[in-house]
Amino acid sequence: MPPPTDGTPALAVDEVHLWLARVDDAPPTDTLATWLDDAERARLARLQREEDRALFALAHAALRDVLARSLGIAARSVQIDCDAHGKPRLAAVHASDLCFNLAHAGRAVLIGIARGRELGVDIEAVIAHDDLRAVAEQVYSADERAALDVCPAAARTDLFYTLWTRKEACLKAWGCGLDGPLQQFSVHAAAYDDVAAPAGSALPPLHCRDLPAPPGHVAAIAVSGGPTTAVCRRWHA
């Protein structure tokens, strides 16, 4: 796993900074809630399960902290809105080219930031299911399904989630969400080649890579504008 860090490293235009946060290492939920804005605290209050509250508070507080450090302001002063497709972004009032994306799964949170490059991140807990092949029929391209078919049974679940994190990271970078053309692009070769946009679309190609993740998880990032240097760090308050 990436080492913990103090301070805020400078973010170069050819870099993506990735921050991993874990509920087990985080301040109490009530403390993190003080960093959130009114809308986020209202959403937090509607969550019933304590594990959901802890993960939500950590995800949004850590995101605010990472953005605030880069902007040089207080976490609660960060203003976030959404683009026309619902993808979160910094509000125009910040006049910043800083782009970001957030994902969480289990008890882990992944945050990615870059300058002037759209990006998407995803992290998933690897959980075996009997119906993964049926799910693959609905969401994976022909070559992705073929890769699953020839994969040894013992490694098939890991491959399923590896492909899914790459795929969701691309959809988030493109701003499509899960309504995007899931079967019309492939991430099978993303370990050594860029991901081409679906045929006939105006979407840009993406640079997609797997990331270090906590045990039992897989993670990936997709970013526009060609290869970048990924700087991975652990987040702490």
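Please read these numbers as outputs of a predicted model, since none were measured by experiment. (Residues numbered from 1 in each chain as written. Predicted model: local features only at pLDDT ≥ 70, side-chain atom pairs only at ≥ 80, totals over all residues. Heavy atoms only, no water.)

**Considering the packing of aromatic side chains**
Here the structure, examined in full by the defined rule, presents four aromatic pairs. Ring centres of Y140 and F160 lie 5.2 Å apart, and the angle between their planes is 55 degrees; this geometry places the pair in the tilted category. Here the residue Y140 occupies a position in the loop between α4 (132-139) and α5 (142-150), and F160 occupies one in helix α6 (residues 153-174), the gap between them amounting to 20 residues. The class of F160 is buried, set by a relative accessible area of 6%. Centre to centre, the rings of F160 and Y161 are 5.4 Å apart; their planes meet at 75 degrees, and the pair counts as edge-to-face. When its relative accessible area of 8% is taken as the criterion, Y161 is described as buried. Taken together, the ring pairs connect Y140, F160 and Y161 into an aromatic cluster. Over the ring of F185 we find K167; its NZ or CZ atom is 4.2 Å from the centre of that ring. (Phe/Tyr/Trp six-rings, centres within 6.5 Å; stacked < 30°, edge-to-face > 60°. Helix = DSSP H or I, 4+ residues; strand = E, 2+ residues; numbered from the N terminus. Buried < 20%, exposed > 50% of the residue type's maximum accessible area, 1.4 Å probe, protein only. Lys NZ or Arg CZ within 6 Å of the ring centre and 35° of its normal.)

**Overview of unusual backbone geometry**
Positive phi outside glycine occurs at A95, with the angle close to 45 degrees. Relative to the helices and strands, A95 resides in the loop between β3 (88-90) and β4 (98-105).

**Topic: the pairing of strand β7 (residues 207-211)**
Pairing geometry for β7 and strand β8 (residues 217-223), over five bridges, is antiparallel. Counterpart to D210 in the pairing with β8 is A220. (Pairing = 2+ DSSP bridges.)

**A look at the environment of A74**
Here A74 shows up in the loop between α3 (50-71) and β2 (80-82). Sequence-wise, A74 and R64 are ten residues apart; in three dimensions their C-alpha atoms are separated by 8.5 Å.

**Focus on the packing of helix α2 (residues 38-46) against α3**
With their axes 9 Å apart at the nearest point, α2 and α3 run at an angle of 165 degrees to one another. Classed by the angle they form, the pair α2 and α3 counts as roughly antiparallel. Our pair here, α2 against α3, has a crossing hand that is right-handed. Of α3, the residues touching α2 (which contributes E40, R43, L44 and A45) are R53, F56, A57, H60 and R64. For the contact of α2 with α3, the residue count by class is four nonpolar, one polar and four charged. (Axes fitted to C-alpha atoms, helices over the stretch in contact; angles between N-to-C directions. Parallel < 35°, antiparallel > 145°, perpendicular 65-115°, else oblique. Left-handed = near helix turned anticlockwise from the far one by under 90°. Contact = heavy atoms within 4.5 Å. Nonpolar A, V, L, I, M, F, W, Y, C, P; charged D, E, K, R; others polar.)

**Section: the pattern of salt bridges**
This model, assessed by the stated rule, comprises 17 salt bridges. Between E144 and K167 there is a salt bridge, with its nearest N and O atoms 2.8 Å apart. With E144 in helix α5 and K167 in helix α6, this residue pair connects regions lying 23 residues apart in the sequence. Given the relative accessible area of 0%, K167 is considered buried. (Salt bridge = Lys/Arg side-chain N within 4 Å of Asp/Glu carboxyl O.)

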